[in-house]
Every structure is written in structure tokens, then in C-alpha cells.
Amino acid sequence: MQVLKKFSLLALCYIMAACSTSGNKIISDKGGVSDFNTDISEINITDAESFRVGMLLPLTGAAAKHGQGLKNASMLALDDIKNENLILQYYDTQSTPSGARIAAENAIRQGAKILIGPLMSVEVQAIAEETIYQGVPVIAFSTAQEVLQPTVYTMGLLVEEQVDRIVSYAAAQNRKRLALLIPDNSTGNAVARAALKSAEKNHVEVTVIGYYPPETSDFSGIIKQMTNYNERHAEVLRLKANLEALTKNGDASAAYELKQISTKEGIGDVGFDMVLIPESGAKLTSAISMFAYYDAAYPDVQFLGTSVWEGGKFNNESVMRKSWYPAISRAYSGYFAGKYNQIFNERPSSLYSFAYDAIALVNELSRSESENLNSKIINPDGYRGINGAFRFFEDGTNQHSLDIMEIGAEGDVSIDRAPNKFFDDGSAQRLPSINTDENLKTPRIFGKDQQSAQIAIYGTLLQPATQSLNEQ
């Protein structure tokens, strides 16, 4: 099966393979499928013509379910590719940093030219020093951007690219003032940093940030603060009192206006026209319902999410309709999900598809005449797999082509499709550093003390001139 060079049309190969694959539940062992091991004595070193890949997965321990799913997906890819010179060996990280380090050392000793995995950020941190020293590139699955560096890449969908995609799209629809409702943890801080960077790029203002305890399901207090409820409620009470007085004097227009605002909890500007909430499930619907209670609802306020919204089945929730979130392109996901279900008798997690694309990627790399794998990996033209177009940057980060999805009564629909290919070198897509200059107009912050929030988001305490809007 031929794989095209430069912009790799891997997806076309998958579709071609699907047409020729037997309906029997059989995975071919051609292409070097091997059982996992961590003992150098158990492996037969193949000839110099082969391209050996070590796949580091948590096949035992706390993350074993995900590890097995990733392994299954990689086997599907090997079955489709049928490249007998591609030798894939599995190594169990045991879901621990020490297990990952041992697995990486054994894979490198056994001749691996590139490593796929591990899954968790602490595992990536544990192997980075050795792999960099040995000159062996890593394609991990972690979504923690802080563990990435040159030659340590990830297939994972990073917070920064998700936030930038959704904020950029909202800005293009003339939304200009962004609020963030985020958990008080590393994920929330990552979302805040990404939002501030994307806002700078898109000439959008982040006006308010609300932190909540990650374990909470009660958002009433923080959203009451974010929506400036006390002032807005006092204003609506004053207006209602005036209208009631006019109505008693027979003013019909006042009576009509009074009826119109009878259910209003507040009037006046809430200070934002879009809210980004990186939450899911019942907690997400609870939060958006609370915004609506305080009169911050669509269409005045556009609700935005991250990829954790995907598969949430929010279509019956009226407060969620017309909300937007970014998602990996699913143009070819039906083939992968169908074959995975046919062979392993379960529906695959969206995570597993990254393993399929990782194998297709190393198949492409194995055919390259270049000795410098890193230069091939960061090819600005990128690659296309079952998750759409993707590419890697020198610092280890990546870019995926993401659809913008809108939640509707009949299902989620793509309202802005991901591009099928990249048309630049990616430099225009990189986000700027967070602005901390003395003229910075900073957001109001609730749910966390100012100094802690500034250090978590900006990495430093801001100068007094930049803090004026934060004083509460």
C-alpha cells in the first residue's frame, strides 16, 4: 500500500484497506505484532532493514483499560498497513513512572528507532531524559503541554489548541468579551492561560474569571458574582418599583414593560458576551442553567466548551442548545469505530484513535530515506489520519484540524468544518506569550485570592497598575 509523501493522505489508505479487509475477526501478525515484554532476552533483534518501534503502554495497573484499548487500535492499524518491515514491540509501563522508565530503556536497548507512548504525563516526564540522551524521538499520548519539549512530542489533543480554536471562531462571529468559569486546579489554570493568549491574538477581552472547587456541583455563588448580580438586581428592583407606581396611575405602557421584566433577576450589562466552561455532564448543565437564572443566556451570551463536551448528549437540555465546542474531525471515524467494534466487541474510546494514527505515522516515517526522524516528524505539511489533519511543532506541541460543533435538539452538528490540510508553516497559529505589561487590562477574578490567581495564570505577581480591575 502506497503512502503519499509530503502531505500524507493516510485516510485514503485506510479506506482502501477497509474495502479489502476480510469480514472475519482476524488480526494479521504480519508487520511485527509482538506481545509486550520488558526483558531484553525475550526479543529477537531483526535485520537492519526493519524499522523497530517501541510502544509504551499501561498494560497493567490503574490505566490498564486504556492501555489495552490503545494496543488494540495499534493492531488494527498494523492490519491495515501490512508493512512487514515495520516491527512494533509492546512494553508495559505498569501505569507508573518507574515502569515507564524501565520500558523505555529496554525498548531503546532492543533497537527501537522511535517510541510511541506513554500515556500519562508523569510517565512522559520519567522517560524524557533518557530518550533525549539516546536521540530517540517520542510520540506520547499525554495532553499535558508542560512535559513536551524538542523530540518529545504528543498525539494528544492539547488544551491550548482547543481553547484557541473555539475562541477564534467565536471572535470571528463578533463575540468580543470572554468570561471563564474554571475549576481551581491545573486544568483550569491551563484553560485560563490559553484563553488569555487566544484573546490577545483575536483582539478579544477576557473580562472575568470565576474559579470553583473541582468537587463542587453548586455554582450559584460564583456565577452570582461573575454576573454582577447584586448591582443588576438592585437596578431591576428600582425599575420595577417605578413601573409599578406608573401602572397604578394607569400608564399602560408601564404595565406592559413591567410584565416584560417580571421574571428578570437583574438588568444591565453582565460584562461579557461569551462564557467558556471546560466542564462536562450534570455539572456543565447545572452551571449553564445557573447563568440563565441570572439572566446571562443565549443569544446575549454564547456558551463555549472544550472537547470534553463531545458525547455528552446534551440535546434535550434547552439551555445547552446553540452552544459551541471544538472536536476532532470525525470524517473517517466510522471506519475505525466499526472495525474496532467488529473485532473487539466494544465501542472504542476516542482516545484509541490516536494510537491508530500514531502507527500510520510511524509507517510513513519508516519509508523515509532521511536519517533525521525529527525533521520528518515536524514536516509543516503535516499528515492526515482518521482524526483529520495533524502536525507537530519543534517544541513537542501539535496542531489538529478541529471542527466546531453546535448542540441542537436533533443532535450535534458541525457548523465550521476542520480543514483537510494545512496551508502555512504553522507560525501564524502559535499563540503569543501572556501579556503582563504595565498597561494590561486584567479580568475581575472571583473564587480565588488575587495573588494566587495571578501566579497561577500569569506566572508572576502583576504590577499595581495592572491590578486595578481585580480589586474586589
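Now for a description of the structure that goes with this document. On a predicted model such as this, the values are computed, not experimentally measured, just so you know.

Side note on the overall build of the chain
Piece 1. Of regular secondary structure, the chain possesses 14 helices and 18 strands.
Piece 2. Counting the 472 residues in the chain, one finds 53% classified as buried.
Piece 3. When contacts within the chain are restricted to residue pairs at least 6 apart in sequence, those whose partners lie at least 24 apart make up 73%.
Piece 4. Of the roughly 20900 Å² of accessible surface on the chain, a fraction of 48% belongs to carbon and sulfur atoms.

Observations concerning the pairing of strand β17 (residues 411-416)
Piece 1. In this sheet, β17 lies alongside strand β16 (residues 402-408) in antiparallel orientation, the contact comprising five bridges. By the bridge assignment, Met-405 is partnered in β17 with Ser-414.

Here we look at the pairing of strand β3 (residues 51-57)
Piece 1. With respect to burial, β3 is a largely interior element, seven of its seven residues being buried.
Piece 2. What you see with β3 is no split at all: Phe-51, Val-53, Met-55 and Leu-57 on one side and Arg-52, Gly-54 and Leu-56 on the other are buried throughout.
Piece 3. Read as a crossover between parallel neighbours, the route from β3 over helix α2 (residues 64-81) to strand β4 (residues 86-92) is right-handed.
Piece 4. For β3 and strand β5 (residues 114-116), the ladder comprises three bridges, and the chain directions are parallel. Bridge pairing in β5 places Val-53 opposite Ile-114.

Section: the environment of Val-270
Piece 1. Structurally, Val-270 can be placed in the loop between α9 (252-260) and β10 (274-276).
Piece 2. The exposure class of Val-270 is buried, given its relative accessible area of 7%.
Piece 3. A sequence separation of 43 residues divides Val-270 from Thr-227, and the C-alpha atoms of the two residues are 5.0 Å apart.
Piece 4. Setting aside its immediate chain neighbours within four residues, Val-270 contacts Met-226, Thr-227, Arg-232, Ala-296, Val-301 and Arg-444.

So, helix α6 (residues 186-202)
Piece 1. In this model, α6 (17 residues) spans 24 Å end to end at C-alpha, consistent with the 24 Å of a helix rising 1.5 Å per residue.
Piece 2. Within the span of α6, buried status applies to Gly-188, Asn-189, Val-191, Ala-192, Ala-194, Ala-195, Leu-196, Lys-197, Ser-198, Ala-199 and Asn-202.
Piece 3. Positive backbone phi, approximately 60°, marks His-203, located one or two places after α6.

Section: the side chain of Arg-232
Piece 1. Relative to the helices and strands, Arg-232 resides in helix α8 (residues 229-248).
Piece 2. Of the buried charged residues, Arg-232 lacks a salt bridge, with Asp-295 as the closest side chain of opposite charge at 4.4 Å.
Piece 3. Here Gly-268 takes part through its backbone oxygen, which lies 3.2 Å from a polar atom of the side chain of Arg-232.
Piece 4. Once residues lying within four places of it in the same chain are set aside, the contact partners of Arg-232 are Thr-227, Glu-265, Gly-266, Ile-267, Gly-268, Asp-269, Val-270, Tyr-294 and Asp-295.

Some details on the pattern of salt bridges
Where charged atoms of side chains with opposite charge meet at close range, the side chains can pair.
Piece 1. According to the stated counting rule, one finds 14 salt bridges in the structure shown.
Piece 2. In this structure, Asp-424 engages Arg-391 in a salt bridge whose closest nitrogen and oxygen atoms are separated by 2.9 Å. A residue pair is termed long-range when its members are at least 10 positions apart, and Asp-424 in the loop between β17 and β18 (444-446) and Arg-391 in strand β14 (residues 388-392) qualify at 33 residues.
Piece 3. Under the relative-accessibility criterion, Asp-424 is labelled partly exposed at 33%.
Piece 4. When its relative accessible area of 1% is taken as the criterion, Arg-391 is described as buried.
Piece 5. Each member of the salt-bridge network shares a partner with another, and the members are Asp-79, Asp-80, Lys-82 and Lys-339.

Calculation criteria
- Residues numbered from 1 in each chain as written.
- Predicted model: local features only at pLDDT ≥ 70, side-chain atom pairs only at ≥ 80, totals over all residues.
- Heavy atoms only, no water.
- Helix = DSSP H or I, 4+ residues; strand = E, 2+ residues; numbered from the N terminus.
- Buried < 20%, exposed > 50% of the residue type's maximum accessible area, 1.4 Å probe, protein only.
- Contact = heavy atoms within 4.5 Å.
- Areas by Shrake-Rupley, 256 points an atom, 1.4 Å probe, with all protein chains shown as cover.
- Pairing = 2+ DSSP bridges.
- Right-handed = clockwise from strand over helix to strand, strands pointing away.
- Expected span 1.5 Å × (residues − 1).
- Lys, Arg positive; Asp, Glu negative; His and termini not counted.
- Salt bridge = Lys/Arg side-chain N within 4 Å of Asp/Glu carboxyl O.
- Polar contact = N/O pair within 3.5 Å; in protein donor to acceptor, adjacent residues only side chain to side chain.

Remember that the coordinates give geometry; whether it matters functionally is a separate question.
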